[in-house]
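For reference, the chains in residue letters:
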Amino acid sequence: MKKRLIGLIAAVSVMAFVAGCQAEPKTETPAEEGPAVETPEEPAIEKLKVATTIHPVNEIVRIVGGDYVETWKIVPEGAEAHDFEPTIKDMGELSTVKFLFMNGLGMEPWVEKAVENSGNKELSVIDLSEGVSLITIEGEDHDHDHEEEAEDAHDHGDYDPHIWLSIDALLTMAEHVKEELTVLIPEGAEAFEANLEAFKEEATALKETYQEKFKVHEGKAFVTGHAAFGYMTREMGLTQKAIEGPFQEGEPTPKKLQDLIDYVKTENITTIFLEEAASPKVSETLARETGGKTVTINALEAEGDLLLNLEDIYKKVLDSFEG
């Protein structure tokens, strides 16, 4: 009996020992950690500050320049670009930059005097109208009544300056910006090329989409307050009829206004477009005399996203044709 009890105790002890060994957690020797590796930080891009004259020029330089450029727009949002006069503060700011991008074609008649008054002899002025296929201002656009004005008040030039309302012209301007910035900031060349290509792809797709949509309305008239849309209507196969010329030089003569009233009635035009930054007075008169309505559009002289606002114009013009 004693032998059996001893044997049983021994068996139980062995089983407990085995179970304890199995339950004991397995420990691993921790791997030795190597020295900490520091990820080098990207060097900060030093931005080049440049001056721009009007909103569309500022947008193009900003889009192409990206992280390498800081833009200072001289004509503030909401200001009328045609009548703008730089302030003393603007002159002081202009003395601190080396490059000024402008639209050209008489859009900024104040630039030459502003550069001279700034005293900045190192300032380079870059005209983005170079290489654009231009529209000549026809004689009828000067058929306006004017009060006696200063001798240099009409020193605008012979071409329509609203080139940014054509996508083809926008791309020419953007290409020009890329070339200039590549010379000024060689280390940004790849970024400028990539920014330009992305903009070109989006802009070209927009142009082709609406050229197709406007095909059924080829030659149809687009009537607006002032003749800012010649490049757009040429690109889309339309006709522009305007109350005031490209530089908004006074109100039209009674004869021109009557001719427009007759034209609108004959062509069954029901929409007169007016720009956000322009006086609505004459456009509203034309709409009232013809039984039409006015619709506001943004000519992008003072504010707005270039491609989004161009598409908005296209849509509103299509609605006026199809409504």
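Residues numbered from 1 in each chain as written. Predicted model: local features only at pLDDT ≥ 70, side-chain atom pairs only at ≥ 80, totals over all residues. Heavy atoms only, no water.

A. Highlighting the overall build of the protein chain. Tallying secondary structure elements over the protein chain gives 10 helices and 8 strands in all. Relative to its full complement of 323 residues, the protein chain shows a buried share of 44%. Sequence separation of at least 24 residues holds for 66% of the intrachain contacts in the protein chain that already meet a minimum separation of 6. As displayed, the protein chain has an accessible area near 18,500 Å², and 50% of this comes from carbon and sulfur atoms. (Helix = DSSP H or I, 4+ residues; strand = E, 2+ residues; numbered from the N terminus. Buried < 20%, exposed > 50% of the residue type's maximum accessible area, 1.4 Å probe, protein only. Contact = heavy atoms within 4.5 Å. Areas by Shrake-Rupley, 256 points an atom, 1.4 Å probe, with all protein chains shown as cover.)

B. Geometry of the sheet that holds strand β3 (residues 99-102). One open sheet holds the 4 strands; their spatial order is β2-β1-β3-β4, and the pairing between them is parallel. Either end of the sheet is taken by a strand with one partner, and the two such strands are β2 (69-73) and β4 (124-127). Averaged over neighbouring strand pairs, the angle between their axes works out to 30° when direction is ignored. As paired strands, β3 and β4 are joined by 4 bridges and run parallel to one another. Bridged to Leu100 within β4 is Val125. Relative to the sheet, helix α2 (residues 55-65) contacts β1 (48-52), β2 and β3, its axis offset from that of β2 by approximately 175°. (Pairing = 2+ DSSP bridges. Axes fitted to C-alpha atoms, helices over the stretch in contact; angles between N-to-C directions.)

C. Spotlight on the packing of α2 against helix α5 (residues 167-184). It is at 9 Å that the axes of α2 and α5 come closest, and there the two elements cross at 55°. Our classification of the angle between α2 and α5 gives oblique. For the crossing formed where α2 meets α5, the hand is right-handed. Touching Ile60, Val61, Val64 and Gly65 of α2 are Leu170, Met173, Ala174, Val177, Lys178 and Leu181, all from α5. Residue classes in the contact of α2 with α5 are distributed as 8 nonpolar, 1 polar and 1 charged. (Parallel < 35°, antiparallel > 145°, perpendicular 65-115°, else oblique. Left-handed = near helix turned anticlockwise from the far one by under 90°. Nonpolar A, V, L, I, M, F, W, Y, C, P; charged D, E, K, R; others polar.)

D. Representation of the packing of aromatic side chains. Taken as a whole and assessed by the stated rule, the structure comprises 8 aromatic pairs. On the basis of an interplanar angle of 40° and a centroid distance of 5.0 Å, the ring pair of Tyr210 and Tyr314 is categorised as tilted. Linking Tyr210 in helix α6 (residues 189-214) with Tyr314 in helix α10 (residues 306-322), this pair joins segments that are 104 residues apart in sequence. Assigned by exposure class, Tyr210 and Tyr314 land together as buried. When the ring of Phe214 is compared with that of Phe321, the centres are 6.4 Å apart and the planes differ by 80°; the resulting orientation is edge-to-face. Taken as a pair, Phe214 in helix α6 and Phe321 in helix α10 lie far apart in primary sequence, 107 residues in all. Each member of the pair, Phe214 as well as Phe321, is classed as buried. The rings of Tyr210, Phe214, Tyr314 and Phe321 are connected pair by pair, giving a single aromatic cluster. Positioned over the ring face of Tyr210 is Lys213, at 5.7 Å from the centre of the ring. (Phe/Tyr/Trp six-rings, centres within 6.5 Å; stacked < 30°, edge-to-face > 60°. Lys NZ or Arg CZ within 6 Å of the ring centre and 35° of its normal.)

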